Amino acid sequence: DKRISVAKEIIKDIEKYLDTKRAELKTEQERNLSFPQDRYLVSIKKSLAKIGDEESIQWWLSELKKSGLNNNETQRFREMLEYENIPANHPIIKALAQNENPELRILSLDAISKFPIAANRAILQKLLNDSDERVSSAAQEVAEELEEIRNTSIDELIYNPKGS
């Protein structure tokens, strides 16, 4: 994808610039300061993750893990899964489900319940047998919700009592 190639070249240029600037600084404390370009890198990498770039997805997941999972970054990630138009087969769903962190595996269940396509149902089956009880329990809840929907008649699903 041309967008991904261009964005990755921009990332390389920004990283090279930042490396050069940080090398000029004298102390470790100065080198750890944030530059405005750091925000650009984050923004570009998140955008790449949203369009399905595997490397950027893994970067974002590692950033979530580093920053702790109960914070604003995780909330923004949840909102991205919930409100943005990611495709039902977005690679981020599988990446979350396969992550070593149980909290991220649980996070994948939000997307799986929203997009219960065959590939995501296969992921759900694996999460039902997860070694972490919190994950398998959350997966069981999603499986039960999906089963309830599956057993609901079409008439019930589309019935509008107001008649409009």
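**Focus on the packing of helix α7 (residues 102-114) against helix α9 (residues 133-150)**
Logical step 1: Contact pair α7 / α9: the axes reach a minimum separation of 9 Å and the direction vectors enclose 5°. As summarised for this structure, α7 and α9 are arranged roughly parallel, according to the angle between their axes. When α7 is examined against α9, the residues P102, E103, R105, I106, L109 and S113 are found in contact with a partner set consisting of R134, V135, A138, A139, V142 and L146.
Logical step 2: Of the residues contributing to the contact of α7 with α9, the split by class is eight nonpolar, one polar and three charged.

**A look at a nonpolar patch on the surface**
Logical step 1: Judged by side-chain polarity, I149, I154, L157 and I158 come together as a nonpolar surface patch covering roughly 430 Å² of accessible area.
Logical step 2: Relative to the assigned elements, L157 resides in helix α10 (residues 154-158).

**What about the side chain of S108?**
Logical step 1: Along the polypeptide, S108 turns up in helix α7.
Logical step 2: Given the relative accessible area of 0%, S108 is considered buried.
Logical step 3: The contacts of S108, once residues within four sequence positions are left out, are I93, L96, A97 and L127.

**Considering a negative patch on the surface**
Logical step 1: On the surface, E141, E144, E145 and E148 cluster together into a negatively charged patch.
Logical step 2: Its location among the elements puts E145 in helix α9.
Logical step 3: On the basis of relative accessible area, E145 is assigned to the partly exposed category, the value being 42%.

**Overview of the confidence of the model for the protein**
Logical step 1: Residues at a pLDDT of 70 or more form 90% of the protein, whose mean pLDDT is 84.
Logical step 2: The lowest-confidence element of the protein is helix α5 (residues 72-83), averaging 69 in pLDDT; the highest-confidence one is helix α8 (residues 118-128), averaging 95.

**A word on the nonpolar core**
Logical step 1: Membership of the largest hydrophobic core comes to 30 residues, with the highest contact counts inside it found for L61, F77, L109, L124 and L127.
Logical step 2: Where this core is concerned, the elements lending two or more residues are α4 (54-67), α5, α6 (91-97), α7, α8 and α9.
Logical step 3: Looking at this core, the element that brings in the most residues is α9, giving six residues.
Logical step 4: Excluding residues within four positions of it along the chain, L109 makes contact with L124, L127, V135, A138, A139 and V142.
Logical step 5: With eight residues, the next largest nonpolar core counts I4, I14, F35 and L41 among its residues.

Cut-offs used in this document
- Think of each chain on its own: its residues are numbered from 1, step by step along the sequence as written.
- With pLDDT at 70 or above as the cut-off, local features in this predicted model cover only qualifying residues; side-chain atom pairs require 80 or more to be listed or tallied, and sums for whole chains, interfaces and linings still use all residues.
- To get the side-chain values, take all heavy atoms of the structure and skip hydrogens and water.
- Orientation is described by lines fitted to C-alpha atoms, with helices fitted over the stretch in contact, and by angles between N-to-C directions that extend from 0 to 180 degrees.
- Each helix corresponds to a stretch of at least 4 residues labelled H or I by DSSP, and each strand to a stretch of at least 2 residues labelled E; elements are numbered beginning at the N terminus.
- With respect to orientation, any angle under 35 degrees is reported as roughly parallel, any angle over 145 as roughly antiparallel, any angle of 65 to 115 as roughly perpendicular, and every other angle as oblique.
- The contact definition used throughout considers only heavy atoms, calling two residues in contact when any of these lie within 4.5 Å.
- Each residue receives one of three labels: charged for Asp, Glu, Lys and Arg, nonpolar for Ala, Val, Leu, Ile, Met, Phe, Trp, Tyr, Cys and Pro, and polar for the others, Gly being one of them.
- The patch calculation keeps residues exceeding 30% relative accessible area without a salt bridge and links them within 9 Å when they carry like charges or within 5 Å when they are nonpolar (Val, Leu, Ile, Met, Phe, Trp, Tyr).
- Here, Shrake-Rupley sampling with a 1.4 Å probe gives the accessible areas, and only protein chains in the shown set may cover a residue.
- Basic side-chain nitrogens of Lys or Arg form a salt bridge, by our definition, when they fall within 4 Å of a carboxyl oxygen of Asp or Glu.
- Between buried and exposed lies partly exposed: a residue is buried under 20% and exposed over 50% of the maximum accessible area for its type, with that area taken using a 1.4 Å probe on protein chains only.
- Under this rule, positive means Lys or Arg and negative means Asp or Glu; His and the chain ends count for nothing.
- By convention, the charge on Lys lies at NZ, on Arg at CZ, on Asp at CG and on Glu at CD.
- As a per-residue quantity, pLDDT reports the predictor's confidence and falls between 0 and 100.
- Among buried residues, those of type Ala, Val, Leu, Ile, Met, Phe, Trp, Tyr and Cys that are joined through side-chain atoms within 4.5 Å constitute a nonpolar core.

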